[in-house]
Each structure stands twice: as structure tokens, then as C-alpha cells.
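Here's the letter readout for the chains.
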Amino acid sequence: MTKLAIAINTDRCIGCQTCAFACKMQNSVPQGMAWNRVITEGCDHEDGSLGTFPNVTRTYLPLACQHCENPACEKVCPTGATYKDEKGRVEIDYDKCIGCRMCMAACPYNARVFNWAEPVRKPDFKYGDKEVVERERGVMEKCTLCKERTNRDEQPMCVECCPVRARVFGDLDDPDSEISKLKHEKSVRILLEDKGTRPQVFYVS
Amino acid sequence: MNETKRNSLANATMSRRGFVKAAAITGAVGAASGSMFSTSSWLAPTQALAEEQSEEKTCYLCHNFHCLGGCGLKATVRDGRLAKIEPRPMKDDRYRKICLRGINEVQHVYAADRLQTPLRRVGERGEGKFEVISWDEAVKEIADNVKAVQEKYGAGSLYVKKSVEASLGQGFSFVDVFLNAEGGGLTGLDRGIANGCEPALQTVNGNSVNSIWEMKHASTIINIGDNLAESGIIWTQALVDAREAGAKIITFDPRLSPTAAKSDQWVPVKPAEDVAVILGMAQHIIENKWYDEDYMKNYTSYPFLVDRETGELVGEKMTGTNRIGKKNATIVHSMVWDEASGTAVPYDQEGAVPAIEGEFTLDGRSVATEFTLLKEKLEEYTLEWAAERSGIDAQTIAQIADDYANRGPATINCAEGGPDKYANADVLGHAIAIIASLTGNYGKLGASVGFYSAGGGSLSGTLTAWPLPEWAKLSENKMRLYEVASKPNDIHAAITFGDAFTLRAANANATIDWIKSLDFFAIIDIYHSSAVDYADIVLPACSKFENTEEYKNVRVSQNHVYIAQKCIDPLFESKTDLEIERLILAEWGYDQYLPKNYDELNRKQLSNLKGNLEGITYENLIANDCMLPLKNGDNPVEDQVGYHEPIFKTPTKRLELYYEDLVDEGQAFPSYETCDEAYDGNPLKETYPLVFMQGKTRYRIHAFYSSSEWFQENYSPCVTMHPSDAEARGIKNGDDVLVFNDRGDFVCRAVLDEGIRPGVLFMAETTYSKYYKKGFLQNVTNSNLVERCYKMKFGPQILYNDVLVDVKKA
Amino acid sequence: MQTNTFKKPVLGVFGVLAVIGVACWIYQLANGLAVTGMSNANSWGLYICMFMLFVGLSAGGLIVASSAHVFGIDKFKTVAKPAVICSTACICVAGMLVLVDLGGIAKVWRILTGPNFMSPLLWDMCIITIYLVINILDLVWMQKGDEDKVRKLSYVALPVAILVHSVTAWIFGLQIARAWYTAIMAPIFVASALDSGLALLLLGLILLDKVNIAKFDNSLMASLGKLLATFIAVDAYFVACELLTMAYPGAGEAVALSEMLTGATAPFFWFEIICGLLVPFVILAITKNREKRGIIVLASVLVVLGVACKRVWLLFTSFIHPNVYGGPGIASGTFDAQQNPADMWMLLGSYAPTFVEILVVIGVVSVGVLIFMILSNKLIAGEGASSTHTTKTSE
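Residues numbered from 1 in each chain as written. Chains lettered and ligands numbered in written order. Predicted model: local features only at pLDDT ≥ 70, side-chain atom pairs only at ≥ 80, totals over all residues. Heavy atoms only, no water.

Draft legend 1. Here's a closer look at the overall build of chain C. Within chain C, the regular secondary structure consists of 14 helices and 3 strands. Here the C-alpha radius of gyration of chain C, 22 Å, is about what a compact globule of 395 residues would show, namely 21 Å. Based on the C-alpha atoms only, the size of chain C along its principal axes is roughly 70 × 45 × 40 Å. Looking at the 395 residues of chain C, the share that counts as buried comes to 57%. A separation threshold of at least 6 residues defines the contact pool for chain C, and within that pool the share at least 24 residues apart is 79%. Surface accessibility of chain C: about 15,400 Å² in total, with carbon and sulfur atoms responsible for 72%. Put simply, chain C has 23 plus and 21 minus side-chain charges, and the middle of one group is 9 Å from the middle of the other. (Helix = DSSP H or I, 4+ residues; strand = E, 2+ residues; numbered from the N terminus. Rg over C-alpha atoms; globule rule 2.2 N^0.38 Å. Buried < 20%, exposed > 50% of the residue type's maximum accessible area, 1.4 Å probe, protein only. Contact = heavy atoms within 4.5 Å. Areas by Shrake-Rupley, 256 points an atom, 1.4 Å probe, with all protein chains shown as cover. Lys, Arg positive; Asp, Glu negative; His and termini not counted. Charge placed at Lys NZ, Arg CZ, Asp CG, Glu CD.)

Right, here's the structure in full:
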């Protein structure tokens, strides 16, 4: 079996947003949408601070689909448009999506974005990967774990572009992979662990 | 001139959406004249291409010159459009780099703010009303006006500056030299700290001579106002690696910058008081004898004798190259007190045992060692004094001094920003050199000082220059750009490549008044930047992704040589820099001296290469996908560059800490000074109680990327302030606020955050003025110049952060 | 007995509203759901809110009608037909509201070709269809006077009615992502369905009586009123259970709770507690009051509005605070976000219906009203005068 996953080292992450824009470009994500974003945890603005001057802290948290082992979104989809694929990725079959947004309510991570309107792209052509399919109005979309790239045995674009190498991509079912080792060696944080979704994207420090 | 065309672009100040709308209305005219008014309409014809038919090609180039990143990019071009940008594979994976600024070029190249055609001003300067003209008309008008001005006032009355994206670092600049124009001389910009540390530490324009990759060998790293995580984003990996390897990262900054947030310790020092902390540390290090006496004796000038009365170094005066590279200068063959013989001997005398401290009488003169003088000087800079000035408590300063002196190799990353932009930056630079030399934290693996946002030291390589006739050179005046508004000058016309004026001068209202007073001003730019509105003639340049030929921009970057492959044709009616320079100089008949095309220039630049570039040719560069490592480029750069032994390029081969030439200024050793305006105790604080400082944002390189419609989703001009300052003024998060002082004002959004020192406002420089509700940030900044810096290597810096303002709800 | 019908001008008004609603829906189809006030942070709006309400409203009718047979409450049998008509109209409205909420209605057949039986939405669509069929069969058999079949059907109808609300509740109650995730969601839905459905039935009966389509005596009204008071009490009890469970741990859902008690959804919450539960209960608890139709109307209206408010706070409170919170927030994906880059991000979920949405809902509800009126005209009017189904009108 294959269980593709991403580990994000929050000690290394500098909140530069490169992964967010890499994703937008690679996947031709339209204006007003984001598959991947870097939030400043607990703050009402980017680069915000928690606490009181001068005792303040800040955590940058890159956030996208967590490719859960137990995906809440998959279960609730009435047409099976959302599915867990053979490589352990959570994917969407855009042709099957009827736009009911059950999955959107189900995802605890707000990882999904919906094409409420006709997508607007700037520049107004399909930029990004040639194989990525453009989504039409009325369907759900989200991080595919760079399905097109990972199918070609390339790293997801967010991993490829991270300038501080805070991201590690790999197969959790391969005990010798760097990511499997990281999971055992580092202190691991699972987002909303109590929800029982068992994310395959996890945070190490 | 076609009347409809005139109307269509009559008001360039209208909003972008308005602009596109107007373009749609006059679309027919646009098509007829061959000019397109929006990227949308321009892209339309090929929109319908079916996916299956699409053709992809891969192009390689080197990205930005101005963020000092210079990443090797791999661009995918599909159906003639830039579709994807990613880092190119590199042998040393650390150089496989890109950041959000590289990625966003996919949008930015096509941004709505692109200048599309040559324009002629039809309204008042600054009003932004233009009409579309042809290239022939535009070039002729530039030539006619420049000729008229130069005939009347002389060649030096023309000011030419290349800035930001347009051309900088592309290896040529012809218009300025062929027209014998004023070129601005040394700028002083970003060299405040360097003025103070370079003479002692032999940094290179303030840059560390050691590679940033060496940081992993440091035990303590102190960032003084540096914000690597937003300026030289790609270099932050070295800092993060160092932290992972166990280095303690300490960052001085009045705000919790992203770099400060990734540090082990944030030191929220009062603006411009970093120097007080460093002086306090120096005093504390001496008091606790944490200094490295062996190092001081053998590798520094501390044992050198100084005449108490005159302040002069004792020793034979000779002529040679001094420590700031000035040839035929007076240098002193210094003396030390030999403890063995009890006499003064030349410092380099074999077998001498120099006294590090002491007062002696020599030929009836009272002399003392430099170290003795330094100790006396520093006496008053107690921890308590430093704490009082800096707002950082004494215990913390002592702890930082301990970490710096006693934890192992320590590196100081003092940047071009932050504390560099106050009037006391040179004192700070000098003080940093003092603590480095006291503790021996210079010239060892993991112990260095300097600016690291360009990666620190790297392998150098000089390309072959295009040969110029001897008469083709700049005017001798060397009038600095930031002086033109305040000092009498003879400049009457200007041509700038990019927005030089609003980026390279403070107190923008004065600069703009000066621009308005010019007889003629032409600008060549890619985007409709702030200065464009003041120009009489505007020429559209293309980006580095566009070319009419296959290759351009040979460049040495990050220990590699790159050449940029053409990705797409120049958009709209834009032209390459070389084409533009050729067109302009053709009006004088000088185009015969210029390369006919990039191919010719590239071949010249890549011919007869020596040193680290040896063996590199145009052919093998292209055969290797436009990139080749410099000689030994396969070996880690940190092993090849920098001071790993404490032997330096000064005349004495030692760190020379005593600045004899600044005795009159009281700065032979660093003497604390407040900054010009932003200090506690300035009476002006009663009127303008807040310090206004600027820094970098990840979404800009200066104003570049203001046009990015991707970045506009995440960033718009905003000023960060502490909630207590906001509350006192009835300001809430997200309110529009007016920032003002006597020099001017501007309006932007307020962001309230606990991660900034109360009493300080922070704003990221800068954004085209049209994206502000009113004005823009340089309206309030300080254009005073520090007189003593004229004696220094780089001249006075711009006091961008030495600014007091107040703020209120707009 | 003199009987009457709903007049054409009245039907016409609702017909026009229905047409306007359809027009707005077509506009929505042409431009996408971006014409609504929904966004990526608040992904369900007025449609789903009203869907919850109308599923509930349809309950009262069928439950009263089936109880008449299942529990042998004879006096309820007289209201069985209007009750089922009311139920039918409401479930049609609910079904239509789900459809107008879909982003890709053209692909709705995908549910048939590739159903995911794990999806509560699929369960709901099935159960609603079954429920509608039962309603229709009930009407048909009642109309034919086939008492036996009606009685037998009632044994099926009652549990299905309970189930339809439970399944609707599970659409929300099984979502681990939101504050809806609670076992009591189904009982709350059933309780709300009982009181709001019965209140609506009472309003329907009084309306039919008022316009002389059918006549119902005050004692029937009084006993239904008493039943309503009981249902209100049950509803209030479940709400109280849920609130205590949310509040007690003082963690996690405390944020949502404070939003309900003092925040954005507080007006809806307090309206429901005071005007939707407390006031009507107090009114109906007094025997004398139950004799007065005006008071029953007031209490019923309050109950329906109260439950409507409950749908609002129940649905929207959960969208306000994302589980993983931080600036810049969630990419909203709206028209505004497309047009003005500065409007891209939403830190918190917020929502206000647009005119288009409101008009679509009015249109859909109007269709429901038309169904109720037309079926009442066809099936009830004239019944008292003759046993034929000819709808006589005396102008």
C-alpha cells in the first residue's frame, strides 16, 4: 500500500507564503480562492502576535487538505465525488460533484473551496501544470496533494518550492522513508486530533 | 494625434478596473493602432486553443537582481504564455531556490499595471494624464529635449539612473555614459552600518565576507535589525539550519518581525538604540574580562599606541592604501609597547611582547594603548545606562553579552535595513566591530559580522565588459540623488530606468517639487510606478522573461553564472533595455558603439573569462541549460570564501579598530550619539510622539510587485501599531489612519499588534502611491544628512527610519 | 354547511411570487451560487436553514394524523386530511430547497448512478422521497375513504415521520467538524418538528375554518393546543440538555455557546427561548387561553417563528468560528473576493442572505402555499356539504 503524506516542520517554517503561491500557480487556483494558505495561528491578521508586549509568540501554520486517513468529507459526499485514492490521497472527481457542500461542512480544517461563481483567473488563461483540470462553476476543489505531479513521482509543488525546506513529502507506508522516520523521531502535532480524522499531513517540531 | 486615442488614455489615474473598462470601450481603436489596453483583451485571441494542441517549452533564467536572491528558475511556457515557474534543479540542492516573488511572476508579468505603449504627458506633472504616442515620436522627443538641456546647461545637467528591475545588474548601462550624464555617485543608501564597520572588519559594502552557509558553525547568531525571513527569504534556510544545529538566535528589532519570531530571543530595542545595547555589551565584556586577550594582542590594533594629546597613532607615517581602499593615503606603521624591552617597538617587530593595556611616556609624550583608551571611553556605557537608553533591561543585555562572548563562535548579522537608517548607524557599525574584535568573534569558522541577505560571501567572477570609447563616461559631479532636492545643483533633465526617485530619496514632497522643476523627465519602466505620473515621456520596457532574441542578461549569482533564456515575446509594445538604449543613443549616432543585439553582448561578456569564470563560454553555458557553477563550484562555498584565519586585508593585516581620521568628530572609538530625530528626549516628540520605521515585506522588493494581483489579495499598504497607541487615538484594527508630520502625510490601514514596541509604527516599504488612499510613506521621511559621513567610505545614508510622526483616524 | 375555497386572486398572488422565485433561481443558475450570501467560510445559507425548518413543519401534520389511528385518538381523525395536506406541502418545499441549494443541479442524477450510502444527505433524500410517497398515498386513500389502508399506513407513517427529522438532523449532527456534532441533534429536530409542525397545522386549521373551507370546533383546538404546550416543553427540555452539555466542559464549544448567548446569533437564540418556547408555553398552559383562537394563533405563530430562529442559530453559529483560526483567514471565494483582492479573506464566518436568495425562498414557499391551497380546495372544500369531491364554490 501507499500512503502519501506531507510533514511540515513548524520550527523551520518562516511563514513566507511561498508554498501557498506555489500551490496557486501549479493548480491554476482562481482569484479569491486558496487550496493552501499559511495562517498565523490564533491571530486576526497575518504575522500577528499572541500575548502581551514584550512576551509574545507567533506560530505560522501552513494549512491545506490534511488527506485524512479517516476523511469526514468522503463519508458525507452523496455521489462519491470525494474519494480516498489508491495512493492514500483524498481526491475529488469534479464530474461527480453536485455542489451540495456536505464535504465543506464536514471538513474540520476549512480546507475546501467552492466555485461559487465562474472562476476568474489572473492572468486569464490556465496557468500551472498542463495536466491539472480546470474546475467549473458549482464544484468543490481543494489540495490534491499535487496528484498530477505525485503521479509522475515528483514532489508536490509546495514541497518543491519551500525555500527553507520545512516540508517533507513521502510514503508513510514505507518505513524507510524520510517522512516515516520524522514521524517517529520528532515531536508530532496532529491538527484537531480529537476529531479522529487521522490526518496524513502532520506538523513536526 | 488620433483624438479618440488621446481620450482613451487621458486619465491614467483612474482605477485599474476603470482602466480596463475604458480599454474595452475603445477596444476598436486599440486594435487598429496595434496597441492593446488590457492583458485580458490581449490574451483573448489565443484563448480558444484546445488543451490537446497546447505546446510546452522549458526556459531557464536567473530571477531577481534586487532582492539579492538571484534564483535559478525553470519556467514553463505554454502556447506562448508564461504558465509555470519553479526552481531549477541544482547540483548543490541548497541553491534550488525560489520564493513567492518568483512564483508570482506568472501573474505579475501580465499585470494590469504594465506600461503598454510609449506615452506623452498631456496634463500637469503628477496628474497622470497621458496620450499614446509611437516609439519614433517618443525617442525623438527625448533626444530633442535632452539635447536642448545639455546645450544650454552642459552635459552634467542630465541625470540618468538605472534602478530596480529595469536593467540593474544586467551588465550594461550605456545612455548615462555616452551622454556624459550625472550618474549620482555613491548613494550611501543602505550603507550606514557599513560606514562604521567596514574600515575595521573589511566587509564588502557591509556584506559579510563569510558565506551564510557557515552559520551552522555558530553558537550564537545576533540579528541586528535584520529580517532575513522577508528580505532575503531564500537565504533563511541557513539561519534555520543553524538554529536546528543548536545555534541560539537573538534578534534585535522594535517589532516582532518574522525573523524575530523564528528566533530564540526577541530583543525589542527602542528604535535607534541598538548602539546603546552594543556599547553596554562592550563595557560588560571588558568589565568581566570576557575578552580574548591573545586574539586582541595578535590580530587587532588594541595594543597600538596612541598619542593622548593629539589622538594620533604613534608610528612612522607612510603612504599606501588605507583600510577603506583609498590609494596613496597616509598610513601609520604603528608601535606597541614591548613589555620585554620596556620600549615602544613597531607592532610587527619579531619577538615583541606587546602590552595590551597601559600608559607610557614616549619621547616626552603621553601615550596609551588603544585598549586603554577604549576602556576609558566605554566606562560610562554601563549596563544601567544602556538599559535606560534602549528599553532593554540590564540583565538581558548582560545575558546577550555572555552569549556573544562565551558561548562559542558568534556571528552578527547586521543588515542594510532597520538600525542602518538612523543618524547613528555608523557608530553602531563601529561598536559592532568593537565587540567582535574584543571577543575574537571575527575571522573564525562561524564567527563573522556583516550583511547576510545576499548570502554573505560568495565566489566572485567578473564578466568581460563591453568596451567603451574613452570619452564615454559619467559627469564628475557625483551628485547624490538624495541631495538633489536640498542642495544647489545644475540638473535640468532626467532619464530614469525604473522608479529611482520615490525609492531612493526621503521626504518625497521635496523630491517631487524638484522633479516638477526639471525641464524634462523621461522614464523607462515596466510598470506604471509612482514616478511615471511625473514624467514627460514614458517608454515601456519588458520584463526579464521577455525578449526578441533567445538569450540575455548574463549574470554571476550564487556562485553560478546564468543567462536568461527568452520565455515570451515582449508584451504589448514594450522593448528590451538594450533596444531602448540603442534607440535613444541612435539619436546621437552613438548606437554604432553599442552591441547590435544581446547575442553580441552576451558573446562579449562571456569571452576570455578568467579566475573563477575560467572555462566558461557562451556555448557551454547554453548547453548546460543556461547555468554553470563557478570554478570549484562543486565544493561548498563556505569552505572557499571568507576569513577563517584572523588575517585581514587591512594595511596591518589586523583588525584596525581605532579610526584616527574621526578624532575630530569624537568617533575614533565609538561615542554614543542619539539619532537625528527619533530619540527619546527630542522636544519634537511632544508634537510627534511616534517613531515611524520601515522594513521589508515578503510581498515586495521595494515597490516592485505592487502590481501583482496575486499579492494584492494578501497585502495592501498598512501601518502596524501597538494596541495601546491605537486605543489612545481611538483607532481600531482595520481603520484607515492618517500618518503625518511637518513634512507630509499619507493614509493607509492600521493593523494592531502586540508584537511591536509601544510608541513605534512600522510599515513595509513601499507601494505605488495609487494604492494608498492618500499620499505614500516617503512623504513623512527624514531627508537630513549626517555631515560626518561625507568623510566615510559610502557617504551619508538616508535616514528613512529616523522619523517622528503622529497618527489619527482618517 | 356552507363551504368555500381559496379564491383565484389569492392563488394568483402566490403564483406570481412563485414565478418571481423561479426567475431568481434561473438567474442563480446562470451566475452561480455566488449570487447568494454564502461563502467558503459559511457554506450553507438561507436555503438549508429553511430546508431544516420545512422538514420540521411537515412533521406535525403527519404525526397528528397517524397518531389519530395508531393511538386511536378519534377526535384527531377529523383533522387528518388537512394535516396530511399541510405535511405534503411542507415536504415539497423542503425538497425544493435542497435542489435550489445545489451548485450543480444538472449533475443531480449522479446520486442515482453512483450513490454513496454513507452520506446522510443520501439517506435524507431517500427518506424524504419515501415520506412524500406516504403522504400522497395517505391522501389518496383518505380521499377514497379507505380507512383500513389509512390505518395500516399510519403504522408506517409515524416512524417514517420521526425518521425523516432524525435523518435531517444527522446531516448536521454527524459532522465532527462543527458544534452540531451531538447525539441530541436528532431528538431536538424531532421535538422542534413536533411543536412547529403542530403549530403550523393549527394555523392551517384556523385558516381553513376562517375562510370556511372546513369547520373545526374549539374543543379540538383546545386539545391540540394542550398537545402543543407539551411538545414545547419537550423541545425546551432538549435544548436545555444541549446547552448544558455545551457549557459544562467550558472548552471547545464554549466559543460557539458564547456566540449564541451574546454574539452574532444571540438575537435568534433569545427570541427562540423567550418568544418561541417560554411565552407560548405559558400562554397555552392556561386552560382558558386554549379556548381563544386568537391566542392559539399567537402562540402558534410564535412557536413557528421560534423554531425558525432555532434553525438560524443552530446552523450559523457553527460557521462563525473556524476550528483552526488565524489570519489572514479563509479564502472566501465570493464575487467580492474575485473583484476586489482586499476582500479575499474571511477571518470568521459571516452571512447575510441576498435578495435573490430571499426571493427564491419566497418563491419556493409560495409553491408550498399553492400546493396547500389547491389540495385543500380539491380535497377538503365541499366535503362537509357533500361526499363528492366536486369543489363547489359559491361566489
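Draft legend 2. Broad picture of empty space enclosed by the protein. Residues and elements named next belong to chain A. By volume, the largest cavity amounts to about 140 Å³. Taken together, 19 residues make up the lining of the largest cavity; nearest its centre are Ile 6, Ala 64, Cys 143, Cys 158 and Arg 167. Elements that contribute at least two residues to the lining of the largest cavity include exactly strand E1 (4-9), strand E5 (60-63) and strand E12 (201-204). (1 Å grid on protein atoms, 1.4 Å probe; cavity = no way out; pocket = protein on both sides within 12 Å on 5 of 7 lines; lining within 4 Å. Points joined across faces, edges and corners; volume = space filled by probe spheres on them.)

Draft legend 3. Region of interest: the sheet that holds strand E17 (residues 449-450) of chain B. Residues and elements named next belong to chain B. With parallel pairing, 5 strands are arranged side by side in an open sheet as E9-E8-E7-E16-E17. Strands with a single pairing partner mark the edges of an open sheet, and in this sheet they are strand E9 (265-267) and E17. Looking at chain direction, strand E16 (residues 410-414) and E17 are connected through 2 bridges and run parallel. From the neighbouring strand, Asn 413 faces E17, where its bridge partner is Gly 450. (Pairing = 2+ DSSP bridges.)

Draft legend 4. Focus on the interface of chain A and chain C. Taken together, the contact pairs 57 residues of chain A with 51 residues of chain C. Together chain A and chain C conceal approximately 4,200 Å² of surface at their shared face, both sides included; 56% is due to carbon and sulfur atoms. Inspection of the chain A/chain C interface yields 2 salt bridges. Of the charged contacts in the structure, one is a salt bridge between C:Asp101 and A:Arg101, with a shortest N-O distance of 2.6 Å. Between chain A and chain C we count 32 residue pairs in polar contact (both at pLDDT 80 or more) in total. Listed by contribution, the elements that provide at least two residues to the side of chain A that touches chain C are strand E2 (37-41), E5, helix H2 (72-76), helix H3 (102-106) and strand E8 (113-114) of chain A. Considering every element that reaches the side of chain A that touches chain C, the biggest residue donor is E2(A), with 5 residues. When E2(A) meets strand E1 (residues 326-327) of chain C, the two strands line up antiparallel, connected through 2 bridges. Considered in E1(C), the bridge of A:Glu41 is made with C:Gly326. (Buried area = accessible area lost by both parts, 1.4 Å probe. Salt bridge = Lys/Arg side-chain N within 4 Å of Asp/Glu carboxyl O. Polar contact = N/O pair within 3.5 Å; in protein donor to acceptor, adjacent residues only side chain to side chain.)

Draft legend 5. Up close: the pairing of E12(A). Residue and element names in this part refer to chain A. Covered by surrounding structure in E12 are Val 201 and Tyr 203 together with Phe 202 and Val 204, the residues of both alternating faces. Bridging between E1 and E12 involves 4 bridges; their strand directions are parallel. Bridge pairing in E12 places Ile 8 opposite Tyr 203. By the bridge criterion, 2 bridges tie strand E11 (residues 188-189) to E12 in an arrangement that is antiparallel. Residue pairing for E12: Val 188 is matched across the bridge by Val 204.

Draft legend 6. Examining the pattern of salt bridges more closely. Tallied over the entire structure, the rule returns 84 salt bridges over all chains. Residues A:Arg152 and A:Asp129 are paired through a salt bridge, measuring 2.7 Å at the closest nitrogen-oxygen approach. With a gap of 23 residues between them, A:Arg152 in the loop between helix H4 (147-151) and helix H5 (157-161) and A:Asp129 in the loop between E8 and strand E9 (140-141) connect regions that are remote in the sequence. Take A:Arg152: its relative accessible area is 31%, and that puts it in the partly exposed class. A relative accessible area of 2% places A:Asp129 in the buried class. A salt bridge links B:Arg603 to B:Glu619, with the shortest nitrogen-to-oxygen separation between them at 2.9 Å. Of the two residues, B:Arg603 is situated in helix H20 (residues 598-605) and B:Glu619 in helix H21 (residues 618-623); the sequence distance between them amounts to 16 residues.

Draft legend 7. Up close: the side chain of B:Asn559. Residues and elements named next belong to chain B. Locating Asn 559 in the fold gives a position in the loop between strand E21 (551-557) and strand E22 (560-565). Relative accessible area serves as the criterion here: at 6%, Asn 559 is assigned to the buried category. Within the local environment of Asn 559, its side chain forms a polar contact with the backbone nitrogen of Leu 459, the two atoms lying 2.7 Å apart. When near neighbours in sequence (up to four residues on either side) are disregarded, Asn 559 contacts Tyr 95, Ser 458, Leu 459, Pro 629, Leu 630 and Val 637.

Draft legend 8. Expanded view of the interface of chain C and chain B. The partner chain B presents 6 residues to the 7 residues of chain C that form the contact. Taking both partners together, chain C and chain B bury about 470 Å²; carbon and sulfur atoms supply 50% of that area. For the chain C face of the interface with chain B, the top three residues by lost area are C:Pro341, C:Met344 and C:Trp345, together amounting to 66%. Summed over the shared surface of chain C and chain B, the result is 0 salt bridges. At the junction of chain C and chain B, the tally comes to 1 residue pair in polar contact (both at pLDDT 80 or more). A breakdown of the residues in the side of chain C that touches chain B according to their chemical character gives 5 nonpolar, 2 polar and no charged. (Nonpolar A, V, L, I, M, F, W, Y, C, P; charged D, E, K, R; others polar.)

Draft legend 9. Focus on the nonpolar core. Residues B:Ile495, C:Trp44, C:Leu97 and C:Leu315 are the most contacted members of the largest nonpolar core, which totals 314 residues. Per-element accounting of this core gives the leading share, 17 residues, to helix H2 (residues 46-70) of chain C. In this structure, B:Ile495 is in contact with B:Ile142, B:Val146, B:Leu158, B:Tyr159, B:Val160, B:Lys161, B:Val175, B:Ala522 and B:Ile524, ignoring residues within four places of it in sequence. (Core = buried A, V, L, I, M, F, W, Y, C linked by side-chain atoms within 4.5 Å.)

Draft legend 10. Here's a closer look at the packing of H2(C) against helix H12 (residues 293-320) of chain C. Residue and element names in this part refer to chain C. Between H2 and H12, the shortest axis-to-axis distance is 9 Å and the interhelical angle comes to 135°. With respect to H12, the axis of H2 lies oblique. As for how H2 packs across H12, the hand of that crossing is right-handed. Together, Leu 46, Ile 48, Cys 49, Met 52, Leu 53, Gly 56 and Leu 57 of H2 and Val 304, Val 307, Ala 308, Arg 311, Val 312, Leu 314, Leu 315 and Phe 316 of H12 make up the contact between the two elements. Class assignment for the residues of the contact of H2 with H12 results in 13 nonpolar, 1 polar and 1 charged. (Axes fitted to C-alpha atoms, helices over the stretch in contact; angles between N-to-C directions. Parallel < 35°, antiparallel > 145°, perpendicular 65-115°, else oblique. Left-handed = near helix turned anticlockwise from the far one by under 90°.)

Draft legend 11. Spatial organisation of the sheet that holds strand E3 (residues 81-87) of chain B. Residues and elements named next belong to chain B. Reading across from one edge, E1-E2-E3 is the order of the 3 strands in this open sheet, with antiparallel pairing throughout. Bordering the open sheet on either side are strand E1 (56-62) and E3, each of which pairs with just one other strand. The sheet shows a mean angle of 30° between the axes of neighbouring strands, direction not considered. As paired strands, strand E2 (residues 72-78) and E3 are joined by 6 bridges and run antiparallel to one another. Across the sheet, residue Val 77 finds its bridge partner in E3, namely Leu 82.

Draft legend 12. Main features of a nonpolar patch on the surface. All names here are of chain C. There is a patch of nonpolar side chains on the surface, built from Leu 261, Trp 270, Ile 274, Leu 278, Val 279, Phe 281, Val 282 and Ile 286 and spanning about 650 Å² of accessible area. At 6 residues, helix H11 (residues 266-285) tops the list of elements feeding residues into the nonpolar patch. Positionally, Leu 261 belongs in helix H10 (residues 254-262). Take Leu 261: its relative accessible area is 31%, and that puts it in the partly exposed class. (Patch = residues over 30% accessible without salt bridge, like charges linked within 9 Å, V, L, I, M, F, W, Y side chains within 5 Å.)

Draft legend 13. Spotlight on unusual backbone geometry. In this model, A:Lys122 is joined to A:Pro123 through a cis peptide bond whose omega is -5°. Between C:Gly327 and C:Pro328 the backbone carries a cis peptide bond, its omega angle lying at 5°. Mapped onto the secondary structure, C:Pro328 falls in the loop between E1 and strand E2 (330-331). Positive phi is not limited to glycine here, since B:Ala272 has a value of about 70°. Note that B:Ala272 resides in the loop between E9 and helix H12 (274-287). You can call B:Ala272 buried: its relative accessible area is 3%. With phi around 65°, B:Lys653 is a residue other than glycine that occupies positive phi space. Note that B:Lys653 resides in the loop between strand E23 (627-629) and strand E24 (690-695). With relative accessibility at 49%, the residue B:Lys653 sits in the partly exposed group.

Draft legend 14. Structural view of the environment of B:Gln694. Residue and element names in this part refer to chain B. By the element assignment, Gln 694 lies in strand E24. Residue classification places Gln 694 among the buried positions, given a relative accessible area of 7%. For the pair Gln 694 and Leu 761, spaced 67 residues apart in the sequence, the C-alpha separation amounts to 8.3 Å. With residues near it in sequence (within four places) discarded, Gln 694 still touches Phe 762, Met 763, Glu 765, Leu 777, Gln 778, Thr 781, Tyr 800 and Asn 801. Within the local environment of Gln 694, its side chain forms a polar contact with the side chain of Gln 778, the two groups lying 3.1 Å apart.

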